[in-house]
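Architecture and fold: a report
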Amino acid sequence: MPLPNLDSVGSILAIVIVFGVLVFVHELGHFLLAKRAGILCREFALGMGPKIFRVKRGETEYTLRLLPIGGLVRMAGEDPEMDMLKPHMEIGVERDAVGKVTHILLDGPGTGSARAISGTVVSFDLEHALNLTLDIGGEQRTFSVHPQAQLVKDGQEVQIAPLNRQFKGKTVSQRFWAIFAGPAANFILAFLLFVAIGLIYGVPKDVPYLGEVRAGGPAAQAGLLQGDKVISIEGKPVASWKEIVEIVSQSPGKELTFEYERSGQRHSVPVKVGKDENNVGKIMVTNSLTYAPGEVLKYGASSTYDFTMMILKSLGMLFTGSVGINDLSGPVGIFKMTGEFAQQGIAILMKWAAVLSINLGLFNLLPLPALDGGRLAFLAVEALRGRPIDPHKEGMVHFLGFAFLMLLILVVTWNDLQRFFFQ
C-alpha cells in the first residue's frame, strides 16, 4: 500500500502556499468589492474551523483558522448578531459627548464605566431609526444610537450594522459585484501567474528560429546552433516553429536535410531524427523565446483563455456522462499533484497554480446552491421579479446545497484514497 510521495517538506510547504494564495485571492476579491459597496465586513478568514490567530484592524477581524481549507468573508446581515439584544433585558449603555449610545452592555448593569446608564429594554431599532428605549426607574427614555455602536457581551464587542451597512441593504448590482469578485479574482491571479512565467522564463515564439539546442541531441550532432533560422526542410520552405515540429514529429528515424541561415549565410546539413517512447520524431531543440512585454501579456491572456475553455469542456463531459464521478479528484488528489509538481520546479508549480486558480473560479461560478454561482442565480431571479426571495427559503436551499457538496467531496476523497493508498 504505497503512500503518495509527499514526504518532502518543500512539497508540503508548496501545497500550503499554493492553496493559501488561491483562497486568499478569492476572498480578497469578495472583501474589496464588499468594502467598496460600503458593506460592513466583520471577518476575513483563511481556513475553516476554530480560530488559531486573530487581529482586528478597523471594523474587520482578520483570522487564521485551524483547517487549511477554504476561507470566508463574513459580511454584516449574514449572522443573527442582532438577536443578542432583546426586549426586557437588563442592560447598560455608554454614550459619547453628544449623547449617542456607543456601547450597549448586554451583560447587565454595572459592567461598564461609572458613567454607564442602566435600564430595561423597552424597544430598539438598530437598522433604520437607530434608537433605543429604556425603562429607567419607571421612566422611559429614548436614546439615539451611534451607527458604529458596539454590542458588548462577555468582554467581546460586535459592531451593529444599520441596514445601509448590511449585504441585503445594497442594490442588486452592488451585491452581484461583491459575489462575482471572488471568482473574478481567481481569473486575474491566473493571468498574472502566466504573465510572471513569461517574464521569468520567456514566451515561446512561433517563428522558424532554433532556441536551446540540447547537447548530444540530433540537432547538436549535426552542428545546428541556437539562433539559427530554418529556411526549409527537405526542400519544403518553413515559416513557423509549428511547421518545423510537424515535419520532425512525423519523421522518426529519418534523415532530413535542413537549410538554415546563420550570420547572413545559408547552409545545408543532414539531421538524423531521433524518436521518443511514442515513436514521435525529436531533434532535441526548443523554440526561441521572447520577453517582450506585449508578447508576455498576450501569452498571459491566451493561456488563461485556453485553460478556461479546456476546463469548461471537461465540465461539459461530466454533465453529459462522458466521464463519471470516479474520474474526479478531490482534495487528496489535488494535494498529491501539487506536491509532485512542486518537485518539478517553480515554473511547473506556477503553471499548475494558475490552472487551479481557473478551476476554483469556474467551480464557484457554477449555478449550484452554496456556491457563488448559486447566489448569483438568486440575485438574477430577484432582478427579474423585482423583489428578493424569502431569505429563509434561500438559506434552506443553500444549506441543502452545502450538504450535497460536502457529500460529493467525501465521495471523491474516498476515490482518491482508494486510488493512491489502496492500489
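The shown structure was predicted, so the numbers you read here are calculated from the model rather than taken from an experiment.

Basis of the calculations
- Residues numbered from 1 in each chain as written.
- Predicted model: local features only at pLDDT ≥ 70, side-chain atom pairs only at ≥ 80, totals over all residues.
- Heavy atoms only, no water.
- Axes fitted to C-alpha atoms, helices over the stretch in contact; angles between N-to-C directions.
- Helix = DSSP H or I, 4+ residues; strand = E, 2+ residues; numbered from the N terminus.
- Parallel < 35°, antiparallel > 145°, perpendicular 65-115°, else oblique.
- Left-handed = near helix turned anticlockwise from the far one by under 90°.
- Contact = heavy atoms within 4.5 Å.
- Nonpolar A, V, L, I, M, F, W, Y, C, P; charged D, E, K, R; others polar.
- Polar contact = N/O pair within 3.5 Å; in protein donor to acceptor, adjacent residues only side chain to side chain.
- Expected span 1.5 Å × (residues − 1).
- Buried < 20%, exposed > 50% of the residue type's maximum accessible area, 1.4 Å probe, protein only.
- Pairing = 2+ DSSP bridges.
- UniProt positions renumbered as here; feature names shortened; annotations may be inferred.

The next thing to look at is the packing of helix α5 (residues 293–320) against helix α7 (residues 346–365). Any two packed helices are characterised by the angle at which their axes cross and by the distance between the axes. Direction vectors running N to C along α5 and α7 enclose 55°, while the axes themselves pass 10 Å from each other. As summarised for this structure, α5 and α7 are arranged oblique, according to the angle between their axes. Judged by the sense of rotation from one axis to the other, the crossing of α5 with α7 is right-handed. Each of Y299, T304, F307, T308, I311 and L312 in α5 lies in contact with α7, whose residues at this interface are K351, V355, I358, N359 and L362. A class-by-class count of the residues in the contact of α5 with α7 yields seven nonpolar, three polar and one charged.

A word on the side chain of H26. Within the element layout of this structure, H26 appears in helix α1 (residues 9–36). Of note is the side chain of H26, whose polar atom sits 2.7 Å from the side chain of N186. A polar contact is formed between the side chain of H26 and the side chain of D372, at a distance of 3.1 Å.

In this section: helix α8 (residues 372–385). Between its first and last C-alpha atoms α8 spans 20 Å; for 14 residues at 1.5 Å apiece the expected length is 20 Å, and the two agree. Of all the positions in α8, only D372, G373, G374, L376, F378, L379 and E382 are classed as buried. G386 lies just past α8 and shows a positive phi near 85°.

Bringing the sheet that holds strand β11 (residues 229–233) into the picture now. Taking strand neighbours across the sheet as the criterion, the four strands line up as β12-β11-β13-β14 in an open arrangement whose pairing is antiparallel. With partners counted over all chains shown, the strands left at the sheet margins are β12 (236–237) and β14 (265–272), one partner each. As judged from the four bridges shared by β11 and strand β13 (residues 255–262), these two strands associate in the antiparallel manner. In the sheet register, K229 faces β13, and the bridge partner there is E261.

Interhelical geometry of helix α2 (residues 172–201) versus α8 gives an angle of 160° and a closest axis separation of 10 Å. Here α2 is positioned roughly antiparallel relative to α8, judged by the angle of their axes. Both α2 and α8 take part in a crossing whose hand is left-handed. Side by side, α2 and α8 meet where V172, R175, F176, I179, F180 and P183 of the first sit next to D372, R375, L376, L379, E382 and A383 of the second. Taken together, the residues that form the contact of α2 with α8 break down as eight nonpolar, no polar and four charged.

The next thing to look at is the UniProt feature "transmembrane region" (unreviewed entry) in the protein. Residues annotated in UniProt with the feature "transmembrane region" (unreviewed entry) correspond here to residues 12–33, 176–201, 307–325, 346–366 and 395–414. Across residues 346–366, the secondary structure splits into 95% helix and 0% strand, with the terminal C-alpha atoms separated by 30 Å.

Given a rise of 1.5 Å per residue, 28 residues ought to cover 40 Å, and the 40 Å separating the end C-alpha atoms of α1 matches this to within 8%. G38 sits one or two positions beyond α1 and adopts a positive phi of about 90°.

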